2 protein chains.
Amino acid sequence: MIAKYRFGSPFPTEATVVDLPCAQGSPAPFCAAEPEEGERRLGLHLSAEDIVYGLGEQPRGINKRGWIYRSWNTDDPIHTEGIPAMYGSHNFFVVCGEKPFGAFFDCAGRMTFDVGYTDPEELTVTAYEDFDLYIIRPDGARETAENQSDRTPAPVLFPVEDIVRQFRALIGQSYIPPKWGFGYAQSRWGYASEGDICEVADGYAEAELPLDAVYLDIDYMERYKDFTVDLSRYPDLKGLNAEMAARGIHLVPIVDAAVKVEDGYPVYEEGVEKGYFCKDAEGIPYVVGVWPGDSVLPDVLNADAREWFGSGYKFLLDMGIEGFWNDMNEPALFYGKKRLETAIEKTGEYKGKNIGDIGGFWKLSGLIGGLKNSDEDYNAFYHDTAVGRVCHGEVHNLYGYYMTRSAAEYFEKYAPDKRFLLFSRSSYIGMHRYGGIWTGDNCSWWSHILLNLKMLPSLNMCGFLYVGADLGGFGENTTEDLLLRWLALGVFTPLMRNHTTLGTRNQECYRFKNRKAFADVLSVRYAIFPYLYSEYVACALEGRMLFRPLSFAYPSDKRARGVEDQLLFGDSAMIAPVYEQNAKGRYVYLPERMKLVRMRGAADVSEEIWEAGDHFMEVEPGEVAFFLRPGKVMPLAADAAKAKNLASLDESKLVWLKFISEDTEYRLCRDEDGYRKSSLKDSFVRVVVKA
Amino acid sequence: MIAKYRFGSPFPTEATVVDLPCAQGSPAPFCAAEPEEGERRLGLHLSAEDIVYGLGEQPRGINKRGWIYRSWNTDDPIHTEGIPAMYGSHNFFVVCGEKPFGAFFDCAGRMTFDVGYTDPEELTVTAYEDFDLYIIRPDGARETAENQSDRTPAPVLFPVEDIVRQFRALIGQSYIPPKWGFGYAQSRWGYASEGDICEVADGYAEAELPLDAVYLDIDYMERYKDFTVDLSRYPDLKGLNAEMAARGIHLVPIVDAAVKVEDGYPVYEEGVEKGYFCKDAEGIPYVVGVWPGDSVLPDVLNADAREWFGSGYKFLLDMGIEGFWNDMNEPALFYGKKRLETAIEKTGEYKGKNIGDIGGFWKLSGLIGGLKNSDEDYNAFYHDTAVGRVCHGEVHNLYGYYMTRSAAEYFEKYAPDKRFLLFSRSSYIGMHRYGGIWTGDNCSWWSHILLNLKMLPSLNMCGFLYVGADLGGFGENTTEDLLLRWLALGVFTPLMRNHTTLGTRNQECYRFKNRKAFADVLSVRYAIFPYLYSEYVACALEGRMLFRPLSFAYPSDKRARGVEDQLLFGDSAMIAPVYEQNAKGRYVYLPERMKLVRMRGAADVSEEIWEAGDHFMEVEPGEVAFFLRPGKVMPLAADAAKAKNLASLDESKLVWLKFISEDTEYRLCRDEDGYRKSSLKDSFVRVVVKA
């Protein structure tokens, strides 16, 4: 049961796909809290045992209690516990207590969620723009045509899952990538040329490690100009792509939000001519600094401009490219051109003057130092939208969503029934229909394995199923053991990409000493692929979560409610990765008797039944350990150890992991094509697995 | 057995107190590794099961394997896993394997320790200046007059402990603070006036929470000038100190390394006149920017200057102050004056010019942005030492040590037999004889509870016994639960100080809702004080560690060797704090049968015997849980719940926690005076505890 409440005249985000009438009265369970000027505030009391789930891409726990979270899409690469905001805004949460409910604040602007930070017993939501609020109460187990495909019998849902399913029906079906998007991929900022790409592909091949894709970071562009190729580095990208395709490897180029200011550059000139860039109050394209230097921002909230920018991808699509990642679309700004000029001038005025006390120095150093991602810039340019001219600051959190929608809508025209790989750094709920996300510029920190894990269910709740972190860590230097342990979580995430930044240590798996361990971990990905794909597609079609907190399946188990480092993975499995340096293993809590599965590569699988309760589980680096739930089965590709990539994986030969006492049916996704949209619903086959 | 090897002509650090002859030949187990220009490099092979302990104040694990650590004292407030260097340089480690040994690189300059980072099986030490290397092999159980007081019988030591004890004898006895230095203390940058201090003292008193000290951050000084008081804020510091002393509360002012450049400021003028500040190549005092704005650095490596700077503390000592913390003594530099002037000029030259591509912007923003803690500055000024003029860059890591020594040596003159509280942010081995350290500007992050815990044994190994972290976190905003859980570790650390930075949320315990939980945790500190003090003093006198990894006591227990979140605390106890948000408890590994002690305040103690193995231990916020080892006892102050501070704690009435089957002797430190140095050795009494 969903009730919608409108506060003011919110900007239409198109986050939802169902148009509900607005209810009157106050949105119980919230009551109005004391606002400050320019904001609205709703509050509610939390009981001691209430758990708050959701909010998507945010730091801290699966249980969000005890911190204040901000929705303000920001390019901040230091993902600490105290990070003020991240790349996405996912304003949906569920309060799980005696009377569970979900709340979605559909607000294009800045918000904060104080979940027991100021007062441990109060949850206070503050919005700085108008919004629609959806309150979702559990319906109990439901069967509706929209969100239920042919899976039977429908499980009786724990209220929280029911709330999530209602929400997901409200916001529409999640993006499903082509099959190859589930393969293992290598990326790095700094592959300076065609030769580097070949070296990576060869490196993996020679080490007999699988590889489905190599990503192209901004290096491939001519001076960071969208929809160009630097011919001195990549003289024949189309040829390279074809060569790689023949080897079963996809090239996935990046596309950045901002467009370089440069006379003679067609994208810039055409956009200026048509008025398709964001403009200042005087109607002049607003110039900001990003990777290409002085740049302008496509006005993706303007339908015409969006269509125009999306058509830019044609340049790469025509080369045979089938996947893209959209970056810098918070949008990230290194400087606003006018403010930079002022800062230079003011800094220069200090010449020969005494800066006085240290306050003088802070002021001085803040002139240039304070330019990045500044509200002063975000509030100084405008969008021409269907509802008129809107200041960017009021709709900031939609930018990445609409940039990605721009690409997806063009793909739909370019090849209507084809699925392309597409994911974005910045996002808002609604974008989950058009693409996935990666969780941005993390670091090579052990704590980021756990952060990666904790975000998965939160993102799934908000519709983002195609998600993954930069495995091994983007910023700073990785270590062999960190990468190995992280990959052992990454084998389960839909996006499985090893990625790092310019200037860091080599991070390709074949560069490290313990080659066998890497081969083992990577081959597990290909072994579990039939399960991963079947579960993913079913979750997308049915509005379910691929990753769930333990409490969703074991709501009455108090200990399970507190587990923050294990997840249910699909319907059959529970994962519990090792995430500490030098650790020989980790503790694991079993809410019930389960079967421990250890995979040392795709071919070496051992099984052991463990009783409910607490265990210390030893796990070698290179080994992947997980649990099979009672009554469940999991299909594995029998010959996965031979797979060089998903194209070469023999999916016809399965072996079954099973923890069953009677014959059990599994609904397997047999999507031989791997690209078509239309055939997916009909690609499930029921397989009876013998006990 | 200690062998000393000399490489080049190292600067005499005075880290050691024993003058050993140099051995010839190569320092087995090291062999020379390929150096680059300007460095020396030694390497050794690590076996798979070798553990590397030590290195003092560094990030990551108790077991240092898998990362590269840098000795280069740096003011960096973002203590992530990848932090390049911290405030102290503690170049001592122990390789614990088949043939355990310790290695101390006595090097005043930059060093790196690659402990299996580049290659998981190689440990490579690189020094950028000359050094002495001490290799320490286990002697087996030893009895020597120097490092053994009257504790009997001497335990047969695990080789690692024996190595540590030899090392500690080499570097001399650790600092012992006055008794009150073990009391709970409140601090904040931002107590703007006398009134704020009184408010804190009253706040604690009214909430019936104990308090032994209030710290004065840089706010008390007149425009951040050392050895001054801002009379507009603190009109009568002496009077305030007396008033607080009457309430059993000590005031502990900060002293910063740098001295403000200001005509008419006696410290500056006298220092310039006598040539006591660090000078550039032309002999002109080198001007840097720190809190007071333009400043100069006392040349603490010059014996006369050191004596002179130490005498500055008299100003505060004469007011009755008995404790100090030395800060910014890496030394931290916000800018070098000349480089700032150049940066301003160069920035100004960009006026009206096109900065071109984004590289141009990085260059521009790096002009002012790159000034902080720059090697260009560290290499541009000099010290006048007993061995001649030395460039600061060559002896950088000694600065904080010698600044603190400067104070300690003056205290020795001021009141020869009196112990003062003294600790420092920056340090080097050798400083442990003169004062303690706090582990610098941490953050209000849950991960920093664990970082706090992990550094404790590493610092103890290197001689630093009086240590503690900013409880609740210095940077960013704390939460009630974080502070409570952190205090539950802090009750065990010798320095127990709640401290935070300017502009953060109020962090005094009485500001929070769950008053009872705070009262309970704090009172545990006073209850265990007789044990903490007895163990601390004995460890200092005998060169032992107060906090030990489990493997030190259970070397043959493989699981114990891997435990990174529990510590032995003194001879009798094992601690295992909760360090995760929203956690109801934590896992704990018991290498043997132990007694779980739960303290809900000083008066509410429950005990339970737990078997060896793995357990999930529930711990309420506000509760302190720890373990008593078999055969051990622990004295508690019976009436600790009544204590307002250590002065009011009745130490005569003890209750004993015990897990013994026969009568057991405990050596209790009965230091009634609490200040004298001379009487400490004789203050131990043997108490027989009945089974």
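Quick notes on the rules
Residues numbered from 1 in each chain as written. Chains lettered and ligands numbered in written order. Predicted model: local features only at pLDDT ≥ 70, side-chain atom pairs only at ≥ 80, totals over all residues. Heavy atoms only, no water. Helix = DSSP H or I, 4+ residues; strand = E, 2+ residues; numbered from the N terminus. Rg over C-alpha atoms; globule rule 2.2 N^0.38 Å. Buried < 20%, exposed > 50% of the residue type's maximum accessible area, 1.4 Å probe, protein only. Contact = heavy atoms within 4.5 Å. Areas by Shrake-Rupley, 256 points an atom, 1.4 Å probe, with all protein chains shown as cover. Pairing = 2+ DSSP bridges. Expected span 1.5 Å × (residues − 1). Salt bridge = Lys/Arg side-chain N within 4 Å of Asp/Glu carboxyl O. Domains from an automatic or database assignment. Buried area = accessible area lost by both parts, 1.4 Å probe. Nonpolar A, V, L, I, M, F, W, Y, C, P; charged D, E, K, R; others polar. Least-squares fit on C-alpha atoms with pLDDT ≥ 70 in both. Arc of directions from axis to C-beta. Polar contact = N/O pair within 3.5 Å; in protein donor to acceptor, adjacent residues only side chain to side chain. 1 Å grid on protein atoms, 1.4 Å probe; cavity = no way out; pocket = protein on both sides within 12 Å on 5 of 7 lines; lining within 4 Å. Points joined across faces, edges and corners; volume = space filled by probe spheres on them. Axes fitted to C-alpha atoms, helices over the stretch in contact; angles between N-to-C directions. Parallel < 35°, antiparallel > 145°, perpendicular 65-115°, else oblique. Left-handed = near helix turned anticlockwise from the far one by under 90°.

Please clarify how the overall build of chain A should be interpreted in this entry.
Secondary structure summary: chain A contains 16 helices and 39 strands in total. The C-alpha atoms of chain A give a radius of gyration of 25 Å, which matches the 26 Å a tight globule of 691 residues would have. The C-alpha extent of chain A, read off along each of the three principal axes, is 80 × 65 × 55 Å. Classification of the 691 residues of chain A by burial places 66% in the buried group. Across chain A, the fraction of contacts at a sequence separation of at least 24, relative to all contacts at a separation of at least 6, is 73%. Only carbon and sulfur atoms are counted for the fraction: they give 50% of the accessible area of chain A, which is about 22,800 Å².

What exactly am I supposed to notice about the sheet that holds strand 3 (residues 40–45) of chain B here?
The pairing of strands in a sheet happens through backbone hydrogen bonds and is either parallel or antiparallel. All names here are of chain B. Strand order in this open sheet of 5 strands is 2-3-10-9-5, and the pairing throughout is antiparallel. The strands lining the two open edges of the sheet, one partner per strand, are strand 2 (31–32) and strand 5 (67–71). As judged from the 5 bridges shared by strand 5 and strand 9 (residues 111–115), these two strands associate in the antiparallel manner. Bridged to Ile-68 within strand 9 is Asp-114.

Can you help me understand helix 1 (residues 159–171) of chain B in this one?
Helical periodicity: at 3.6 residues per turn, an α-helix aligns residues three or four positions apart in one direction. Residues and elements named next belong to chain B. Taking 1.5 Å of rise per residue, the 13 residues of helix 1 would be expected to cover 18 Å, and the 19 Å separating its terminal C-alpha atoms lies within 8% of that figure. The element helix 1 is largely enclosed, with a buried count of 11 among its 13 residues. Phi for Gly-172, located one or two positions after helix 1, is positive at around 90°.

Just checking my understanding: could you explain the interface of chain B and chain A for this structure?
Interfaces are often sized by the accessible area lost when the parts come together. Counting residues at the interface gives 58 residues for chain B and 57 residues for chain A. Note that A:Lys584 is salt-bridged to B:Glu49, the shortest N-O span being 3.2 Å. Elements represented by at least two residues in the side of chain B that touches chain A include exactly helix 7 (337–348), helix 8 (358–369), strand 31 (585–590) and strand 34 (613–618) of chain B. The greatest single-element share of the side of chain B that touches chain A, amounting to 6 residues, is contributed by helix 8 of chain B.

How do you make sense of the domain arrangement of chain A when you look at a structure like this?
All names here are of chain A. You can read the domains of chain A as domain 1 (2–171) and domain 2 (530–662). If you average the C-alpha positions of domain 1 and of domain 2, the two centres end up 29 Å apart. The partner domain 2 presents 16 residues to the 18 residues of domain 1 that form the contact. Taken together, the two surfaces of domain 1 and domain 2 that pack against each other cover about 1,600 Å², and 51% of this comes from carbon and sulfur. Between Glu-161 and Arg-548 there is a salt bridge; the shortest N-O distance is 2.7 Å. Those elements giving two or more residues to the side of domain 1 that touches domain 2 turn out to be strand 4 (51–54) and helix 1 (159–171). The leading source of residues in the side of domain 1 that touches domain 2 is helix 1, at 5 residues. Grouping the constituent residues of the side of domain 1 that touches domain 2 by class yields 7 nonpolar, 5 polar and 6 charged.

So what exactly am I meant to see when it comes to the relation of the copies chain B and chain A here?
Mapping chain B onto chain A leaves a residual RMSD of 0.0 Å; the transformation is a rotation of 180° accompanied by 0.0 Å of translation along its axis. Those values place the two copies in the arrangement expected of a two-fold rotation axis. Distance from the rotation axis, computed per C-alpha, reaches its smallest value in chain B at B:Gly348: 1.9 Å. Comparing contact sets, 98% of the residues at the interface of chain B also lie at the interface in chain A, consistent with an isologous, same-surface contact.

What's the story with helix 8 of chain B in this structure? I'm lost.
In a regular helix each residue adds 1.5 Å, so 12 residues correspond to 16 Å; helix 8 of chain B covers 16 Å between its end C-alpha atoms and thus fits that length. Every buried residue of helix 8 of chain B is accounted for by B:Ile358, B:Gly360, B:Phe361, B:Leu364, B:Leu367 and B:Ile368. Taken around the axis of helix 8 of chain B, the buried residues stretch over an arc of 165°, which confines them to a single face. Away from its buried face by more than 90 degrees, helix 8 of chain B exposes B:Lys363 and B:Gly369. Tucked inside the fold, the buried residues of helix 8 of chain B contact strand 16 (288–290), strand 17 (293–296), strand 19 (335–336), helix 7 (337–348) and helix 8 (358–369) of chain A together with helix 7 of chain B. Here helix 8 of chain B starts with a cap whose side-chain oxygen sits 3.1 Å from the backbone nitrogen of B:Gly359, and that cap is B:Asp357.

So what exactly am I meant to see when it comes to the side chain of B:Thr124 here?
Tracing the chain through its elements places B:Thr124 in strand 10 (residues 122–127). Apart from residues no more than four positions distant in its own chain, B:Thr124 is found in contact with B:Ala33, B:Arg41, B:Leu42, B:Gly43, B:Thr112, B:Phe113 and B:Asp114.

How should the environment of B:Phe7 be read in this particular structure?
Residue and element names in this part refer to chain B. Tracing the backbone through its elements, the reader meets Phe-7 in strand 1 (residues 2–7). It is 51 Å that separates the C-alpha atoms of Phe-7 and Lys-238, two residues lying 231 residues apart in sequence. In this structure, Phe-7 is in contact with Pro-27, Arg-40, Leu-42, Asp-130, Phe-131 and Leu-133, ignoring residues within four places of it in sequence.

I keep staring at the environment of B:Glu608 and nothing clicks. Help me out?
Residues and elements named next belong to chain B. As for its placement among the helices and strands, Glu-608 is situated in strand 33 (residues 605–610). Judged by its relative accessible area of 42%, Glu-608 falls in the partly exposed class. In this structure the C-alpha to C-alpha distance between Glu-608 and Phe-627, which are 19 residues apart in sequence, comes to 9.4 Å. In this structure, Glu-608 is in contact with Met-594, Lys-595 and Leu-596, ignoring residues within four places of it in sequence. Among the polar contacts listed, one links the side chain of Glu-608 to the side chain of Trp-610, at a separation of 2.9 Å.

Help me out: how do you make sense of the layout of surface pockets in this one?
Left-over empty space is what a probe sized like a water molecule reveals as it rolls over the atoms. Residues and elements named next belong to chain A. What the second largest pocket holds in volume is close to 1,100 Å³. What lines the second largest pocket is a set of 26 residues, among which Asp-75, Pro-77, Ile-78, Gly-369 and Lys-372 lie closest to the centre. Those elements that place two or more of their residues in the lining of the second largest pocket are strand 14 (250–256) and strand 18 (323–327). Across the lining of the second largest pocket, the residue classes tally to 13 nonpolar, 4 polar and 9 charged.

Just checking my understanding: could you explain the sheet that holds strand 30 (residues 573–575) of chain A for this structure?
Pairing in this open sheet of 6 strands is antiparallel, and the strands run 28-29-30-35-32-33 (chain A) from one edge to the other. Strand pairing shows two members of the sheet lacking a second neighbour, strand 28 (547–548) and strand 33 (605–610) of chain A, which therefore form its edges.

Just to check I follow, could you spell out the environment of A:Phe464 for this structure?
Residues and elements named next belong to chain A. Topologically, Phe-464 is positioned in the loop between helix 12 (447–461) and strand 25 (467–468). Through-space distance from the C-alpha of Phe-464 to that of Gln-173 is 9.9 Å; in sequence the pair is 291 residues apart. The residues touching Phe-464, leaving out its near neighbours within four places in the chain, are His-90, Ser-427, Tyr-428, Ile-429, Met-431, His-432, Gly-435, Ile-437 and Leu-459.

Would you explain the packing of helix 13 (residues 480–490) of chain B against helix 14 (residues 515–542) of chain B in this entry?
The packing of two helices is summarised by the inter-axis angle and the distance between the axes. Residue and element names in this part refer to chain B. In the contact formed by helix 13 and helix 14, the axes pass within 9 Å of each other and the chain directions differ by 15°. When the axes of helix 13 and helix 14 are compared, the pair comes out roughly parallel. Along this stretch, helix 13 crosses helix 14, giving a crossing that reads as left-handed. Residues Glu-480, Leu-483, Leu-484, Leu-487, Ala-488 and Gly-490 of helix 13 lie in contact with helix 14, whose contacting residues are Ala-517, Phe-518, Val-521, Leu-522 and Arg-525. Looking at the contact of helix 13 with helix 14 residue by residue, the classes come out as 8 nonpolar, 1 polar and 2 charged.

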